[in-house]
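Per-entry structural report
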Amino acid sequence: MERLPVPAAPQMVLLDAAACPEEEGFPEALSPKEGGEEEEEEEEEDRQRSPRPVTFTLGNEVLGLSPETEFQSPDAEVYMHFMRSHCCYDAIPTSCKLVVFDTSLEIKKAFVALVANGVRAAPLWDSKTQSFVGMLTITDFINILHRYYRSPLVQIYEVEEHKIETWREVYLQGSFKPLVYISPSNSLFDAVYSLIKHKIHRLPVIEPISGNVLHILTHKRILKFLHIFGSTIPKPHFLKKTVQELCVGTFRDVAVVPESAPIYTALEIFVDRRVSALPVVNDAGQVVGLYSRFDVIHLAAQKTYNNLDISVREALRQRTVCLEGVLTCYPHETMEDIIDRIAKEQVHRLVLVDENQYPRGIISLSDILQALVLTPAGIDRSSL
């Protein structure tokens, strides 16, 4: 494939929150005749590990777990080869919004700027070292609230006064890790591998000569690219298999939160379990909503982060905008139907439920990309 010229770096916002144009689509050479751009990314489910009280498990006898052979047939490798034949540049939109923060910026201003610009993460620039040193994400906001919240009567001084560099020093305690990034010339297969291996949800694409951040790749962006342009290649047979047969997703010890629980309980689960969204259940245990990490950032916009004792039910009611909501799927639905629904609805996960709306699992973008791209390549998630 002939390489397209490297695009000029998108507008960067240092310290303030000036907006750039919304991202509008893929480069012209790759643009389909139809299709718009969705709101950019957000976190998918990480492997949910340590046990917690509010969990459920769907047993192997129900799912019939033996999916590996489905991904080992020759036709199962079609998406793996597709990703290896396209570079990260191909998935970069022709226009996008990119916000960059200097590490000397105050934490509160940074999170308000994320909300104001409708983005969920920003690369961090260190003026002292003249380099990008990390990412500021909603996870940081959650960790700050979880660490310093005491009661509705006690102001969270750390949110009001701390600078980004101060928080990084406190939270990382000297264990600064290099920023994980990728070159625009690397393959999309490499991008999927990096996202899943490092258990991250955003991968900065940095032009190696100028050092500029061109874009932030996400699971959502990559799956959208595959869903649009992958329609021109033969579909593997496993797409006709059901979720129950393939066992793609998380089905053991999946965390949920009661709608009557305080928001702080949800934050505890986010931190302890490293999940990005929680099915909200009523007293009968049925799914009635979804509380995600992105919901938490709106506490900054509404300046309500000093009261984390309100219930999840009330927090969902107070949302100023309807976010992705809760979309469900059933064990008898095919993998193809699941992918089509996620792409059409522009969400980051589906909650697997039974016929009575009781939660049975979570199927995330990360799970799907693992199954479509890495598993056929012989790369098991547990070995990363």
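Structure's up top.
Remember, it's a predicted structure, so these values are computed and weren't measured experimentally.

Regarding the overall build of the chain
Of the regular secondary structure elements, the chain holds 14 helices and 13 strands. In the chain, the proportion of contacts linking residues at least 24 apart, taken out of those at least 6 apart, comes to 72%.

Structural notes on the sheet that holds strand S9 (residues 277-281)
Paired through their backbone hydrogen bonds, the strands of a sheet run either parallel or antiparallel. Strand order in the open sheet formed by three strands is S8-S9-S10, and the pairing between neighbours is mixed. Either end of the sheet is taken by a strand with one partner, and the two such strands are strand S8 (257-258) and strand S10 (287-292). Pairing analysis gives five bridges linking S9 to S10, with the strands arranged antiparallel. Of the residues in S10, the one forming a bridge with Pro279 is Leu290.

Points about helix H14 (residues 365-374)
Across the 10 residues of H14, 10 count as buried, placing the element largely inside the fold. Buried within H14 are the following residues: Leu365, Ser366, Asp367, Ile368, Leu369, Gln370, Ala371, Leu372, Val373 and Leu374.

Some remarks on unusual backbone geometry
In this model, Arg274 sits at a positive phi of 55°, which is unusual for a non-glycine residue. Mapped onto the fold, Arg274 is located in the loop between helix H10 (263-273) and S9.

As for helix H13 (residues 335-345)
Along H13, the residues that are buried comprise Met335, Glu336, Ile338, Ile339 and Ile342. Down the axis of H13, the buried side of the element spans an arc of 165°, and every buried residue falls inside it. Buried residues along H13 sit in contact with helix H8 (219-229), helix H9 (243-246), strand S11 (328-329), strand S12 (349-353), strand S13 (359-364) and H14.

Comments concerning the packing of helix H4 (residues 138-148) against helix H6 (residues 164-172)
At a closest axis distance of 12 Å, the pairing of H4 and H6 adopts a crossing angle of 65°. Considered as vectors, H4 and H6 are oriented roughly perpendicular to each other. When the axes of H4 and H6 are compared, the crossing they make is left-handed. The segment H4 lies against H6, with Asp140, Asn143, Ile144, Arg147 and Tyr148 engaging Trp167, Val170 and Tyr171. Here the residues of the contact of H4 with H6 sort into five nonpolar, one polar and two charged.

A short note on the environment of Pro262
Residue placement: Pro262 occurs in the loop between S8 and H10. Of the residues examined, Pro262 reaches a relative accessible area of 29% and is grouped as partly exposed. Measuring from C-alpha to C-alpha, the distance between Pro262 and Glu314 comes to 9.1 Å, with 52 residues separating the pair along the chain. Ignoring anything within four residues of it in the chain, the contact list for Pro262 reads Leu308, Asp309, Ile310, Ser311 and Val312.

Re the nonpolar core
Met83, Leu217, Ile222, Met335, Ile368 and Leu372 are the most contacted members of the largest nonpolar core, which has 52 residues in total. Contacts of Met335, omitting those with residues within four sequence positions, involve Phe238, Leu239, Lys241, Leu246, Val248, Ile368, Ala371 and Leu372. If you look at the next biggest cluster of nonpolar residues, it comprises 44 residues, including Tyr291, Leu299, Leu308 and Ala315.

A word on the packing of aromatic side chains
This model, assessed by the stated rule, comprises six aromatic pairs. Residues Phe270 and Tyr291 carry aromatic rings whose centres are separated by 6.2 Å and whose planes lie at 20° to one another, so their mutual orientation is stacked. With a gap of 21 residues between them, Phe270 in helix H10 and Tyr291 in strand S10 connect regions that are remote in the sequence. One exposure class covers both Phe270 and Tyr291, and it is buried. By the ring-pair criterion, three or more aromatic residues cluster together here, those being Phe82, Phe225 and Phe229. Across the ring face of Phe189, the terminal group of Arg84 is positioned such that the distance to the ring centre comes to 4.1 Å. Sitting above the plane of the Phe294 ring, Arg120 keeps its charged end 3.7 Å from the centroid.

Remarks on the sheet that holds S13
Spatial strand order, S11-S12-S13: three strands in an open sheet with mixed pairing. Each of the sheet's edge strands pairs with one partner strand only, and the pair in question is S11 and S13. The pairing of S12 with S13 spans five bridges and is antiparallel. By the bridge assignment, Leu352 is partnered in S13 with Gly361.

Things to note about the pattern of salt bridges
Scanning the entire structure with this criterion turns up seven salt bridges. The partner of Glu336 in a salt bridge is Lys235, with the nearest N and O atoms 2.5 Å apart. Pair noted here: Glu336 is in helix H13 and Lys235 is in the loop between H8 and H9, with a separation of 101 residues, a long-range link. A salt bridge links Lys240 to Glu336; its shortest N-O distance comes to 2.7 Å. Highlighted residues: Lys240 in the loop between H8 and H9 and Glu336 in helix H13, separated in sequence by 96 residues. For Glu336, a relative accessible area of 11% gives the class buried. Where salt bridges share partners, they join Lys235, Lys240 and Glu336 into one cluster.

The rules behind the values
Residues numbered from 1 in each chain as written. Predicted model: local features only at pLDDT ≥ 70, side-chain atom pairs only at ≥ 80, totals over all residues. Heavy atoms only, no water. Helix = DSSP H or I, 4+ residues; strand = E, 2+ residues; numbered from the N terminus. Contact = heavy atoms within 4.5 Å. Pairing = 2+ DSSP bridges. Buried < 20%, exposed > 50% of the residue type's maximum accessible area, 1.4 Å probe, protein only. Arc of directions from axis to C-beta. Axes fitted to C-alpha atoms, helices over the stretch in contact; angles between N-to-C directions. Parallel < 35°, antiparallel > 145°, perpendicular 65-115°, else oblique. Left-handed = near helix turned anticlockwise from the far one by under 90°. Nonpolar A, V, L, I, M, F, W, Y, C, P; charged D, E, K, R; others polar. Core = buried A, V, L, I, M, F, W, Y, C linked by side-chain atoms within 4.5 Å. Phe/Tyr/Trp six-rings, centres within 6.5 Å; stacked < 30°, edge-to-face > 60°. Lys NZ or Arg CZ within 6 Å of the ring centre and 35° of its normal. Salt bridge = Lys/Arg side-chain N within 4 Å of Asp/Glu carboxyl O.

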